[in-house]
2 protein chains.
Amino acid sequence: MSTKDNQTEEKIFEAATTVFVEKGLDGARMQEIADQAGINKALLHYYYRTKERLFNAVFEKLALILFKRFAPVLDANMSLEDKLRFFYREHIDFLKKNRSLPSFILNEINRNPERLKKLISGYEVDKLWRILEEQHKEELQKFNITYRNIPQLMTSIAALSVFPFAARGIFEVIFEKQGISFDDYLEERKKFAPEFVIKAIKGSA
Amino acid sequence: MSTKDNQTEEKIFEAATTVFVEKGLDGARMQEIADQAGINKALLHYYYRTKERLFNAVFEKLALILFKRFAPVLDANMSLEDKLRFFYREHIDFLKKNRSLPSFILNEINRNPERLKKLISGYEVDKLWRILEEQHKEELQKFNITYRNIPQLMTSIAALSVFPFAARGIFEVIFEKQGISFDDYLEERKKFAPEFVIKAIKGSA
DNA sequence: GTCTATAGAAGGATAGAC
DNA sequence: GTCTATCCTTCTATAGAC
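The rules behind the values
- Residues numbered from 1 in each chain as written.
- Chains lettered and ligands numbered in written order.
- Predicted model: local features only at pLDDT ≥ 70, side-chain atom pairs only at ≥ 80, totals over all residues.
- Heavy atoms only, no water.
- Helix = DSSP H or I, 4+ residues; strand = E, 2+ residues; numbered from the N terminus.
- Buried < 20%, exposed > 50% of the residue type's maximum accessible area, 1.4 Å probe, protein only.
- Contact = heavy atoms within 4.5 Å.
- Areas by Shrake-Rupley, 256 points an atom, 1.4 Å probe, with all protein chains shown as cover.
- Lys, Arg positive; Asp, Glu negative; His and termini not counted.
- Charge placed at Lys NZ, Arg CZ, Asp CG, Glu CD.
- Least-squares fit on C-alpha atoms with pLDDT ≥ 70 in both.
- Buried area = accessible area lost by both parts, 1.4 Å probe.
- Salt bridge = Lys/Arg side-chain N within 4 Å of Asp/Glu carboxyl O.
- Polar contact = N/O pair within 3.5 Å; in protein donor to acceptor, adjacent residues only side chain to side chain.
- Phe/Tyr/Trp six-rings, centres within 6.5 Å; stacked < 30°, edge-to-face > 60°.
- Lys NZ or Arg CZ within 6 Å of the ring centre and 35° of its normal.
- Domains from an automatic or database assignment.

**Quick look at the overall build of chain A**
Inference 1: Helix and strand counts for chain A come out as 13 helices and 0 strands.
Inference 2: Secondary structure elements in chain A, listed N-terminal to C-terminal, are α-α-α-α-α-α-α-α-α-α-α-α-α.
Inference 3: Dimensions of chain A along its principal axes, counting C-alpha atoms only, are 65 × 45 × 30 Å.
Inference 4: By residue count, 50% of the 205 residues in chain A fall in the buried class.
Inference 5: Here the analysis covers contacts within chain A between residues at least 6 apart in sequence; of these, 69% occur between residues at least 24 apart.
Inference 6: With an accessible surface of roughly 10,000 Å², chain A has 50% of that area assigned to carbon and sulfur atoms.
Inference 7: With 33 positive and 30 negative side-chain charges, chain A shows a separation of 2 Å between the mean positions of the two kinds.

**Description of the relation of the copies chain B and chain A**
Inference 1: By a simple turn and slide, chain B fits onto chain A: the slide is 0.0 Å along the axis, the RMSD is 0.1 Å, and the turn is 180°. Taken together, the rotation and translation relating the two chain copies correspond to the operation of a two-fold axis. Distance from the rotation axis, computed per C-alpha, reaches its smallest value in chain B at alanine 200 of chain B: 2.0 Å.

**Let's talk about the interface of chain B and chain A**
Inference 1: Counting from both sides, the interface comprises 57 residues of chain B and, opposite them, 57 residues of chain A.
Inference 2: Together chain B and chain A conceal approximately 5,000 Å² of surface at their shared face, both sides included; 64% is due to carbon and sulfur atoms.
Inference 3: The three residues of chain B that bury the most area against chain A are Gln152, Phe163 and Phe196 of chain B, which together make up 13% of that side's buried surface.
Inference 4: Joining chain B to chain A, the criterion identifies 2 salt bridges.
Inference 5: In this structure, arginine 148 of chain A engages glutamate 188 of chain B in a salt bridge whose closest nitrogen and oxygen atoms are separated by 2.4 Å.
Inference 6: Seen at the junction of chain B and chain A, the total is 22 residue pairs in polar contact (both at pLDDT 80 or more).

**Some remarks on the packing of aromatic side chains**
Residues and elements named next belong to chain A.
Inference 1: This model, assessed by the stated rule, comprises 31 aromatic pairs over all chains.
Inference 2: On the numbers, 6.0 Å between centres and 20° between planes, the contact of phenylalanine 55 with phenylalanine 59 is stacked. In this pair, phenylalanine 55 and phenylalanine 59 both sit in helix α4 (residues 51–68), 4 residues apart, roughly one turn of the helix.
Inference 3: According to the relative accessible area criterion, phenylalanine 55 is buried, its value standing at 0%.
Inference 4: Residue phenylalanine 59 is classed as buried on the basis of its relative accessible area, which comes to 1%.
Inference 5: By way of ring pairs, the aromatic residues Phe163, Phe165, Phe171, Phe175, Phe182 and Tyr185 are connected into one cluster.
Inference 6: Lying across the ring of phenylalanine 59, arginine 115 places its NZ or CZ 5.8 Å from the centre.

**Quick word on the domain arrangement of chain A**
All names here are of chain A.
Inference 1: In terms of domains, chain A is made up of domain 1 (3–59) and domain 2 (69–202).
Inference 2: Between the C-alpha centres of domain 1 and domain 2 the distance comes to 30 Å.
Inference 3: Domain 1 puts 8 residues into the contact, and the matching count from domain 2 is 6 residues.
Inference 4: Taking both sides of the interface into account, the surface hidden between domain 1 and domain 2 amounts to around 780 Å²; carbon and sulfur atoms contribute 71%.
Inference 5: It is Val21, Phe55 and Phe59 in domain 1 that bury the most area against domain 2; as a group they hold 70% of the surface buried on that side.
Inference 6: At the surface where domain 1 touches domain 2, the tally comes to 1 salt bridge.
Inference 7: Across the pair arginine 115 and glutamate 52 runs a salt bridge whose closest N-O atoms are separated by 3.6 Å.
Inference 8: Where domain 1 packs against domain 2, one counts 2 residue pairs in polar contact (both at pLDDT 80 or more).
Inference 9: Elements with a contribution of two residues or more to the side of domain 1 that touches domain 2: α1 (3–27) and α4.

Take a look at the structure:
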């Protein structure tokens, strides 16, 4: 492939990312992607053949970026509490820069769960479970977190950072009516969320 | 209006609800709605003129149902703790029967926040804030919940019940891989979520 | 590799008969 | 009120020149 190929293909991919994230698969138009990329509609098909293929490329890239953001913090050499503080700081920072990403990914998966199945077919999904369990066995035991309700804990942790973005449209409108800035809310959330979880866990002791 | 009018209009509305919730505004087809209602495409336009109007009718009805489910519990004459237990039990039960509702509402609002603005223009959104604040002043003070971080608390409470449904596609797939039943998870959540919040709040004391 | 032009299908909306 | 038939626009996709 020549350099020029890559440049065009990348321009298309970036434009497609923008439009798909904003409008969704069904709402996106190939014409709009072409305009955004500054090229012709026919070129989209030259590089990606169909809308579906172009979408899949974008979706898979973004979904992996989003999911992989959950993992690394779990491997770090920290106490459970510090991991939580670190996680929310990093994760909310990342999502602040990609505000529409959660809503896009969640929605497209809900609409077609097969996409996710294909994506994670090679992965060991329970890796996060087991890392949490193995690295923090004593802490979790102390707090009466059993293996059985690790799913409850994990989904709660995720909920506290992802939900504000998934429900961004609602929160922004309601906050605005109250004179609250969504960005200030997010900044505070980096501190509030980990302390909330830590207190909830410690309260189990 | 004759009885027959209402019957047809209602059949259309119900079919539209099913299809719009499942496919979204952009993904829904008037033909599919007509088929689902067992009538002709032209009749849709006879009753609702355009796809947009039909969608608006469905969206507004469902959004109000969803939002109003948050309010009544706040008025009840209970301690904050019992309200939380009551809320999660009722709310998760309701969402279990309407699993795709959160994803649908959140997504359509994110895609077009004007819908929400129109919907709540007559409402005092901060009513929930103030009820919480006034009815539980002492409890909240005791737990160091200031007026400033009531938004943090409210959004966290909502996140714990709504997020599992907003991310249902992901959770169902991952749980299945782990041999966990999503329905069992939801049943447990009715207990886990309120205790989680209560412990988090009490830990602030 | 990139463009213009256009095919071909689908979908929203309407006209008009009953 | 309900149906059939059809219009018209929009959209994906391709053909073919450069």
